[in-house]
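So the chains spell out like this:
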Amino acid sequence: MKIKFDEQQYQLDAINSIVDIFEGQSVRVSNFSVSAGEILGQKHTELGIGNKLELSDMELLENVQAIQQRNHLTKSQDLQDRNFTVEMETGTGKTYVYTRSIFELNQRYGFSKFVIVVPSVAIREGVYKSFQMTESHFKELYPGQHCNYFIYDSSKLEKVREFATSSNIEVMIINIDAFKKSFEDPEKENKANLIHRERDTMNGKKPIEFIQETNPIVIIDEPQSVDNTDKAK
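In this text the structure is predicted, and so the values were computed from the model without any measurement.

Remarks on the packing of aromatic side chains
Moving on, step 1. Following the criterion strictly, the structure yields 10 aromatic pairs and no others.
Moving on, step 2. With centroids separated by 5.2 Å and ring planes inclined at 20 degrees, the aromatic side chains of Phe-103 and Tyr-142 adopt a geometry described as stacked. A residue pair is termed long-range when its members are at least 10 positions apart, and Phe-103 in helix H3 (residues 94–109) and Tyr-142 in the loop between helix H4 (121–141) and strand S6 (147–151) qualify at 39 residues.
Moving on, step 3. Between Tyr-109 and Phe-111, the aromatic rings sit 5.9 Å apart at their centres with planes inclined by 50 degrees, giving tilted as the arrangement.
Moving on, step 4. Assessed through its relative accessible area of 2%, Tyr-109 is described here as buried.
Moving on, step 5. A cation over an aromatic ring shows up here: Lys-113 above the ring of Phe-163, its NZ or CZ 5.7 Å from the ring centre.

Written as structure tokens, this is what we have:
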């Protein structure tokens, strides 16, 4: 049985509101590096490939204000640390909207690294299932844009390296508890999530460092449940 997805105009409006934040960004894939070398606007390294944002905060703010104006919303006066909120009623397809936004952001600007943070294991599994159900749908809409999506698993940290080095669209789905425990005190290091611990198999680096270096776009599903404490933020 094949599921047919009907486009709703309010969903397309929401997607455009997200994608238009980066209006003026040219399509480009950048390599990130521990070295400072840049060639043709790209940073090259042996570590992998990351998103490169060309726009200034002022340009981003002007884009946001234009989006707010066309949606009859009060204009923001600052970017709030580049945190952008899209509000949708329950059951109106927010997972579809942010999934399709990933493909649109890649098609228009070349962004390829995304992390979806969810509040619980149950929602994490639901998001993964949604990606499975919409896979053929998005292959038809965006031919040639290969998307690799996976659930972060601390016993399979090689997936993090693949996330960093792949040139395809990479989507990591992770629940907040998988990386919330972090300690700077070496004596307490064994209490930290594995994502914060140095690994011999990752050139002595922490998995979180590979993720950070990709400069990912982070999608927070149900933020009222994810970053509702200072520690979670």
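Looking at the confidence of the model for the chain
Moving on, step 1. Confidence in the prediction for the chain averages 85 pLDDT; 85% of positions are at 70 or higher.
Moving on, step 2. Below pLDDT 50 for its whole length, residues 33–44 participates in 27 contacts with residues either more than four positions away or in separate chains.

Section: the sheet that holds S6
Moving on, step 1. Reading across from one edge, S6-S7-S5-S8 is the order of the four strands in this open sheet, with parallel pairing throughout. The open sheet is flanked by S6 and strand S8 (217–220), the only strands paired with a single partner. The mean angle between the axes of side-by-side strands here comes to 20 degrees, regardless of whether they run parallel or antiparallel.
Moving on, step 2. Relative to strand S7 (residues 169–175), S6 is paired through five bridges, and the arrangement is parallel. Bridged to Phe-150 within S7 is Met-172.
Moving on, step 3. Contacts from H4 reach strand S5 (113–118), S6 and S7, with the element oriented near 155 degrees to S6.

Definitions and cut-offs
- Residues numbered from 1 in each chain as written.
- Predicted model: local features only at pLDDT ≥ 70, side-chain atom pairs only at ≥ 80, totals over all residues.
- Heavy atoms only, no water.
- Phe/Tyr/Trp six-rings, centres within 6.5 Å; stacked < 30°, edge-to-face > 60°.
- Helix = DSSP H or I, 4+ residues; strand = E, 2+ residues; numbered from the N terminus.
- Buried < 20%, exposed > 50% of the residue type's maximum accessible area, 1.4 Å probe, protein only.
- Lys NZ or Arg CZ within 6 Å of the ring centre and 35° of its normal.
- pLDDT = per-residue confidence, 0-100.
- Contact = heavy atoms within 4.5 Å.
- Pairing = 2+ DSSP bridges.
- Axes fitted to C-alpha atoms, helices over the stretch in contact; angles between N-to-C directions.

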